[in-house]
Amino acid sequence: MGETSGLPRAKVLFYRDYRGFSGGHMKMWHYFTHVLASPGHEPLVRFSRQSVWDDTNPWLHCRERVVSRWSRPEADVLFLGGVDWRNLPARQRDGSRRPIVNLVQHVDHADPHNVRYSFLRHRAIRICVSEEITAAITDTGRVNGPIFTIPDAIDLEALEDVPRPPTRDVDVLIVANKSPDVGRRLHRALQDRDLRVDLLAGTVPRQQFLARLTHARVAVFAPNRTEGFYLPALEAMALGTLVVCPDCVGNRSFCLPGQNSFRPHYDDKPMLDDVTAALELPLGASEALVAGGLATARAHDLRQERQAFLAILADLDWLWAAG
């Protein structure tokens, strides 16, 4: 299904149930654009009836690539994420002649109590967005098909266009849209100090979120207790903000204490202690961590993710036949 002169491009069909912007949707959009960049493939996407078509939807301006069915003439490859398996009839989950690519974005896929766990037994070419996910699903012994690890990446070129203020006028930004109760507790504790504190406990437009990162000296994150990767911390590094992000499993490979960030135990006191430590760092030590964060972000460039995926896409026929 790679590039073949004179032959039509192979169609890769995605599925989305889009109810609002999230990191998971953004990463699926990235893979959609990766396919768009392939000389031998073209992406299509089917949306649920409940999907929202507003200006947060990355597919808003490519409606010509939206299809209404999973029918065979419309797809040579299926690209699934999360619970997208539910859209395949049971007989097709293991008997599909079309290659199935499954993007695995969370360690919860390895949890027997999570519905995603049941999908591991279905044949697919799996791409995990972190080494932590790869290890977790491999340890289950249930995975059917090859597993690849392509660490999550960010669009560094797009982040370069985010305006930077002349000075960072916020001491601490608390990013707690996923865990607002944690964020409010941290906010109350930090308000008792003579600090300029900004709390983000709900969903805001993406550009506003990025702008708020650029105003903060330190960003402390309250992700879910377990994540597959956690892109916001990496985006903060790319924007030159000092990161305090508690251990949420998926961030262990890139939030490296003493090198580019603080990674406390996920509890209020350790997080507050590390915020204090970050604010009290001597200038040289603070600049060294920020520089380490920038280097880490550059190592997770979207172009590298694309290159790694397109190599898999070029070998898809062989991988499916061998799997």
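Residues numbered from 1 in each chain as written. Predicted model: local features only at pLDDT ≥ 70, side-chain atom pairs only at ≥ 80, totals over all residues. Heavy atoms only, no water.

Moving on: the sheet that holds strand β2 (residues 41–47). Ordered in space as β3-β2-β1-β4-β5-β6-β7, the seven strands form an open sheet in which the pairing is parallel. Only two strands of the sheet have a single partner each, and these edge strands are β3 (66–67) and β7 (147–149). Here helix α3 (residues 131–139) sits on the sheet in contact with β5 (100–104), β6 (125–128) and β7, set at roughly 160 degrees to β7. (Pairing = 2+ DSSP bridges. Helix = DSSP H or I, 4+ residues; strand = E, 2+ residues; numbered from the N terminus. Contact = heavy atoms within 4.5 Å. Axes fitted to C-alpha atoms, helices over the stretch in contact; angles between N-to-C directions.)

Turning to the pairing of strand β10 (residues 216–221), a few remarks are in order. Along β10, five of the six residues are buried, which leaves the element largely enclosed by surrounding structure. Where β10 meets strand β11 (residues 242–244), three bridges bridge the pair, whose relative direction is parallel. For valine 218, the partnering residue across the bridge sits in β11 and is leucine 242. Crossover β10 to β11 through helix α7 (residues 231–238) is right-handed. (Buried < 20%, exposed > 50% of the residue type's maximum accessible area, 1.4 Å probe, protein only. Right-handed = clockwise from strand over helix to strand, strands pointing away.)

Moving on, we get to the nonpolar core. A general tendency of soluble globular proteins is for nonpolar side chains to be buried together. Membership of the largest hydrophobic core comes to 75 residues, with the highest contact counts inside it found for Phe14, Phe79, Leu213, Phe221 and Phe309. Here this core takes six residues from α7, the largest share from any one element. Counting residues in each nonpolar core, the second largest holds 20 residues, with Leu186, Tyr266, Val275 and Leu289 among its members. (Core = buried A, V, L, I, M, F, W, Y, C linked by side-chain atoms within 4.5 Å.)

Another aspect to go through is unusual backbone geometry. Residue tyrosine 230 is not a glycine yet carries a positive backbone phi of 90 degrees. Mapped onto the elements, tyrosine 230 comes out in the loop between β10 and α7. One non-glycine residue, valine 249, adopts positive backbone phi at about 75 degrees. Along the chain, valine 249 falls in the loop between β11 and β12 (261–262).

This next bit is on the packing of aromatic side chains. On inspection of all chains with the given rule, the structure shows 13 aromatic pairs. Taking the centre distance of 5.9 Å and the plane angle of 80 degrees together, the rings of phenylalanine 79 and phenylalanine 309 count as edge-to-face. Of this pair, phenylalanine 79 sits in strand β4 (residues 77–81) while phenylalanine 309 sits in helix α10 (residues 302–314), and the two are 230 residues apart along the sequence. Classification of phenylalanine 79 by relative accessible area gives buried; the value is 1%. Geometrically, the ring pair formed by tryptophan 85 and phenylalanine 119 is stacked, given 6.4 Å between the ring centres and 25 degrees between the ring planes. Here tryptophan 85, found in the loop between β4 and α2 (90–95), pairs with phenylalanine 119, found in the loop between β5 and β6; they are 34 residues apart in sequence, far enough to count as distant. For the pair shown, tryptophan 85 and phenylalanine 119 are each scored as buried. In textbook terms, an aromatic cluster arises when at least three aromatic residues are bridged by ring pairs, as seen for Phe14, Trp29, Tyr31, Phe32, Phe47, Trp53, Trp59, Phe79 and Phe309. Directly above the aromatic system of tryptophan 53 lies the positively charged group of arginine 63, at a separation of 3.9 Å from the ring centroid. (Phe/Tyr/Trp six-rings, centres within 6.5 Å; stacked < 30°, edge-to-face > 60°. Lys NZ or Arg CZ within 6 Å of the ring centre and 35° of its normal.)

Bringing the pattern of salt bridges into the picture now. Per the counting criterion, the structure on display carries 18 salt bridges. Between glutamate 42 and lysine 11 there is a salt bridge whose closest N-O contact spans 3.7 Å. Within this pair, whereas glutamate 42 is found in strand β2, its partner lysine 11 is found in strand β1 (residues 10–16), the two being separated by 31 residues in sequence. On the accessibility criterion, glutamate 42 (18% relative accessible area) is buried. Note that aspartate 171 and arginine 217 form a salt bridge whose closest N and O atoms lie 3.0 Å from each other. Of this pair, aspartate 171 sits in strand β8 (residues 170–175) while arginine 217 is found in strand β10, placing the two residues 46 residues apart along the sequence. (Salt bridge = Lys/Arg side-chain N within 4 Å of Asp/Glu carboxyl O.)

In this section: the side chain of arginine 65. Looking at where arginine 65 falls in the secondary structure, it is placed in the loop between β2 and β3. Residue classification places arginine 65 among the buried residues on the basis of a relative accessible area of 17%. At 3.3 Å, the side chain of arginine 65 and the side chain of glutamate 42 are in polar contact. Dropping the residues within four chain positions of it, arginine 65 is found in contact with Phe32, Leu36, Glu42, Pro43, Leu44 and Val45. (Polar contact = N/O pair within 3.5 Å; in protein donor to acceptor, adjacent residues only side chain to side chain.)

Turning to the packing of helix α6 (residues 206–215) against α7, a few remarks are in order. What describes two packed helices is the angle between their axes and the distance between those same axes. Where α6 contacts α7, the two axes come as close as 9 Å, and the packing angle between them is 55 degrees. As the angle between them shows, α6 and α7 are arranged oblique. The handedness of the crossing between α6 and α7 is right-handed. Mapping the contact onto sequence places Arg206, Phe209, Leu210 and Leu213 in α6 and Pro232, Glu235 and Ala236 in α7. (Parallel < 35°, antiparallel > 145°, perpendicular 65-115°, else oblique. Left-handed = near helix turned anticlockwise from the far one by under 90°.)

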